[in-house]
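For reference, the chains in residue letters:
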Amino acid sequence: MKRLLLISAALVLMNACPGFAQQITIDGSMFDWEPATQLDVPPNAIETTFSLGDDTDPVRGSTDANYFADLDIEDVFGTSDNDFVYLRIKMNSIANIENVATDTSYHGGGALTAYISVDPGAGDTTGLTWGWWGSGYDYFVQVFPADTAFEHKTGYQQALYEHNQSGTGWDYSVRDTNVGVKVAWNAANNDVEMAIPKSLLLNPLHLPKSVVKDTIAIMIYGGENLGPWRADYASNPGISGYKLKVGGLSAIKDTKSPGAKHYTLLQNYPNPFNPSTSIKYTLPESGNVKVKVFNLMGQEIKTLVNEYHTAGTYTVKMDAVNIPSGVYLYTIEANQFRETRKMTVLK
């Protein structure tokens, strides 16, 4: 009963606070996507469909206006919350993505892929540029075709691949073999949405000198799976793809710390604080972790972490810019471990 009251209070609070970030549910239903999340709108270059004059590159010997229509990108959407970056790709309304798996005109099948740079722009500290997507990306998610082996192993529909930064577009590896990207298709409308964990995306392994920014760049590719020919792509020309502000990491793993032997939730520091503080916790084993903040009435104020962690020591930042002075509770749930501590906001 207490848990139900707590959930109800949290829902009331979210509805009462218009600034609360709306979380996208990865279920193939697109009703929770707001029009404001569309990326391919002015002043960006609008991504047109074949019917509006877009064409294939190269034509591949066909004069059919609907050739490659199954991989024709119509619109691109993006947003984020504390834990995930969400992307949505809306394909041509006459398309059927399932056709490309067996269509021999695709020279080995088609692919729909999101390429991402986490340090975009002229000051890219990797020395790579976005001018050619094959070497300018830091991550990619191939949302089609399905990766049934990865899903069977991990429960995630697709792996997140990280560029190994060798300078070639074909040098990449799976970012985490146990955690990946949630993907769901709306087959009726040929619409796909995905949730990429920030804990992976904003904590690259192969950018040791890079300063990961609060903005990422996104390019969507629709084309052949086993060849360099594209059917279509969506990106701002001449700059680092569609820009999306994503904020910071929900939790950063301290790779210098020795392996954790016990579950711990440490006192936040500084405390009291204004406007931000850090919370450190340790995990002796992998699992799903939730770190939340409540007021003394039991109402949920913030979800700081809600994701899968490997064993180790982590630090998450708490920002109280929009939270009034007072005493608050922060809790951790990890496997069977539960602990609560107090923090004080003093303005």
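What this report covers is the structure whose coordinates are included nearby. (Residues numbered from 1 in each chain as written. Predicted model: local features only at pLDDT ≥ 70, side-chain atom pairs only at ≥ 80, totals over all residues. Heavy atoms only, no water.)

## Quick notes on the overall build of the protein chain
- Regarding its fold elements, the protein chain presents 4 helices and 19 strands.
- With 347 residues in all, the protein chain has 49% of them scored as buried.
- Contacts in the protein chain between residues far apart in sequence, at least 24 positions, make up 66% of those at least 6 positions apart.
- Carbon and sulfur atoms make up 54% of the accessible area of the protein chain, which amounts to about 16900 Å² in all. (Helix = DSSP H or I, 4+ residues; strand = E, 2+ residues; numbered from the N terminus. Buried < 20%, exposed > 50% of the residue type's maximum accessible area, 1.4 Å probe, protein only. Contact = heavy atoms within 4.5 Å. Areas by Shrake-Rupley, 256 points an atom, 1.4 Å probe, with all protein chains shown as cover.)

## A word on unusual backbone geometry
- The residue after Tyr-269, namely Pro-270, is reached through a cis peptide bond having omega -5°.
- Assignment of secondary structure puts Pro-270 in the loop between strand S13 (264–265) and strand S14 (276–283).
- Cis geometry marks the peptide bond from Asn-271 to Pro-272, where omega comes out at 0°.
- Counting through the fold element by element, Pro-272 comes out in the loop between S13 and S14.
- Phi is positive for Asn-190, which is not a glycine, with a value near 55°.
- When you line up the elements, Asn-190 lands in the loop between strand S7 (182–186) and strand S8 (191–197).
- Here Asn-190 falls in the buried class, since its relative accessible area comes to 2%.
- We note that Asn-335 has phi near 55°; this positive angle belongs to a residue other than glycine.

## Focus: the packing of aromatic side chains
- In the structure shown here, the tally under the stated rule is 12 aromatic pairs.
- Geometrically, the ring pair formed by Tyr-115 and Phe-140 is tilted, given 5.6 Å between the ring centres and 40° between the ring planes. In this pair, Tyr-115 sits in strand S3 (residues 110–117) while Phe-140 sits in strand S4 (residues 139–144), placing the two residues 25 residues apart along the sequence. Residues Tyr-115 and Phe-140 agree in their burial class; the two are buried.
- Taken together, a centroid distance of 6.4 Å and an interplanar angle of 85° make the contact between Tyr-115 and Tyr-221 edge-to-face. Of this pair, Tyr-115 sits in strand S3 while Tyr-221 sits in strand S9 (residues 215–224), and the two are 106 residues apart along the sequence.
- Cluster of aromatic residues (ring-pair linked, three or more members): Tyr-115, Tyr-137, Phe-140, Tyr-161, Tyr-172 and Tyr-221. (Phe/Tyr/Trp six-rings, centres within 6.5 Å; stacked < 30°, edge-to-face > 60°.)

## Things to note about the sheet that holds strand S15 (residues 287–295)
- Read across the sheet, 4 strands follow the order S16-S15-S18-S19 without closing on themselves; strand pairing throughout is antiparallel. Looking at strand neighbours, the two that pair on one side only are strand S16 (300–309) and strand S19 (337–345), the edges of this open sheet. Taken over all neighbouring pairs, the strand axes of this sheet differ in orientation by 15° on average, direction set aside.
- Across 8 bridges, S15 lies against S16 in antiparallel orientation. Bridged to Lys-292 within S16 is Thr-303. (Pairing = 2+ DSSP bridges. Axes fitted to C-alpha atoms, helices over the stretch in contact; angles between N-to-C directions.)

## Overview of the sheet that holds strand S17 (residues 312–319)
- If you walk across this open sheet you meet the 4 strands as S12-S17-S14-S13, and the pairing is antiparallel. Whereas interior strands pair on both sides, the edge strands pair on one side only; in this sheet they are strand S12 (252–253) and S13.
- Pairing geometry for S12 and S17, over 2 bridges, is antiparallel. What sits directly across from Lys-253, in S17, is Tyr-314.

## As for the pattern of salt bridges
- Following the criterion strictly, the structure yields 6 salt bridges and no others.
- Note that Arg-88 is salt-bridged to Asp-191, the shortest N-O span being 2.8 Å. With Arg-88 in strand S2 (residues 84–91) and Asp-191 in strand S8, this pair connects stretches of sequence that are 103 residues apart.
- When its relative accessible area of 2% is taken as the criterion, Asp-191 is described as buried. (Salt bridge = Lys/Arg side-chain N within 4 Å of Asp/Glu carboxyl O.)

## Looking at the nonpolar core
- Leu-87, Leu-112, Met-194, Ile-196, Leu-201, Ile-216 and Ile-220 are the most contacted members of the largest nonpolar core, which has 44 residues in total.
- Every element with two or more residues in this core is listed here: strand S1 (73–80), S2, S3, S4, S8, helix H4 (198–201), S9 and strand S11 (242–245).
- Apart from residues no more than four positions distant in its own chain, Met-194 is found in contact with Ile-26, Val-85, Tyr-86, Leu-87, Ile-89, Ala-114, Val-141, Val-143, Val-181, Lys-182 and Val-183.
- In this structure, Phe-273, Leu-283, Ala-334 and Val-345 belong to the second largest nonpolar core, which totals 24 residues. (Core = buried A, V, L, I, M, F, W, Y, C linked by side-chain atoms within 4.5 Å.)

## With respect to the environment of Gly-78
- Along the chain, Gly-78 turns up in strand S1.
- Once the C-alpha coordinates of Gly-78 and Gln-38 are considered, the two residues, 40 residues apart in sequence, prove to be 6.4 Å apart.
- Apart from residues no more than four positions distant in its own chain, Gly-78 is found in contact with Trp-33, Thr-37, Leu-39, Tyr-86, Leu-87 and Leu-244.

## Brief notes about the pairing of S9
- The element S9 is largely enclosed, with a buried count of 10 among its 10 residues.
- Sheet topology note: the S9/S11 ladder contains 4 bridges and is antiparallel. Counterpart to Ala-217 in the pairing with S11 is Lys-243.

## Observations regarding the side chain of Thr-79
- As for its placement among the helices and strands, Thr-79 is situated in strand S1.
- The contact partners of Thr-79, leaving out residues within four places of it in the chain, are Ile-24, Trp-33, Thr-37, Phe-84, Val-85, Tyr-86 and Leu-244.

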